Amino acid sequence: MAMSLEERVRSAVAALLHAAGESQTDLAAALGVSQAQVSRRQSGTAAWSLTDCEVVATHYGIDVLELLAGPTRATEALPATRRRTPGRRAGTPRPAALEGGAG
């Protein structure tokens with residue numbers, strides 16, 4: 001059975017959070033909402049709006065269509081500079097060299 005669009009977005013967001021080594025709190029800050037609001041969207045009790053999807057895609061440096069396509073496409077499109085470094089825990093700052101793209 002195929003995933004619904006809402007399920008694909010939730011799965012893609014979860015995969016991006018994991019791949020980037022970010023927490024829901026990090027994503028909430030980018031969206032300008034609370035962590036609880038991100039949690040509700042991820043659990044399916046609230047929906048991701050199209051505007052949210054655009055902000056999430058921009059935050060991760062991917063096209064919104066890649067986000068809507070699901071977790072595989074979204075994480076494949078994630079730029080290397082946005083991927084977590086081995087051993088870095090969610091919520092810890094990225095090395096300055098990675099943030100600026102220099103290195």
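What you see is a predicted model; the values in this text were computed from it and never measured.

(A) Representation of the environment of Arg83 within the structure. Inspection of the secondary structure puts Arg83 in the loop between helix 6 (71–77) and helix 7 (96–99). Judged by relative accessible area, which is 31%, Arg83 ranks as partly exposed. Through-space distance from the C-alpha of Arg83 to that of Gly21 is 7.1 Å; in sequence the pair is 62 residues apart.

(B) Spotlight on the packing of helix 2 (residues 24–31) against helix 4 (residues 50–60). Where helix 2 meets helix 4, the axes come as close as 10 Å, and the angle between the chain directions of the two elements is 110°. Accordingly, the angle class assigned to the pair helix 2 and helix 4 is roughly perpendicular. The hand of the helix 2/helix 4 crossing is right-handed. On the side of helix 2, the interface is formed by Leu27, Ala30 and Leu31, while helix 4 contributes Asp52, Val55, Val56, His59 and Tyr60. Classifying every residue of the contact of helix 2 with helix 4 gives 6 nonpolar, 1 polar and 1 charged.

Each value, and the rule that gives it
- Residues numbered from 1 in each chain as written.
- Predicted model: local features only at pLDDT ≥ 70, side-chain atom pairs only at ≥ 80, totals over all residues.
- Heavy atoms only, no water.
- Helix = DSSP H or I, 4+ residues; strand = E, 2+ residues; numbered from the N terminus.
- Buried < 20%, exposed > 50% of the residue type's maximum accessible area, 1.4 Å probe, protein only.
- Axes fitted to C-alpha atoms, helices over the stretch in contact; angles between N-to-C directions.
- Parallel < 35°, antiparallel > 145°, perpendicular 65-115°, else oblique.
- Left-handed = near helix turned anticlockwise from the far one by under 90°.
- Contact = heavy atoms within 4.5 Å.
- Nonpolar A, V, L, I, M, F, W, Y, C, P; charged D, E, K, R; others polar.

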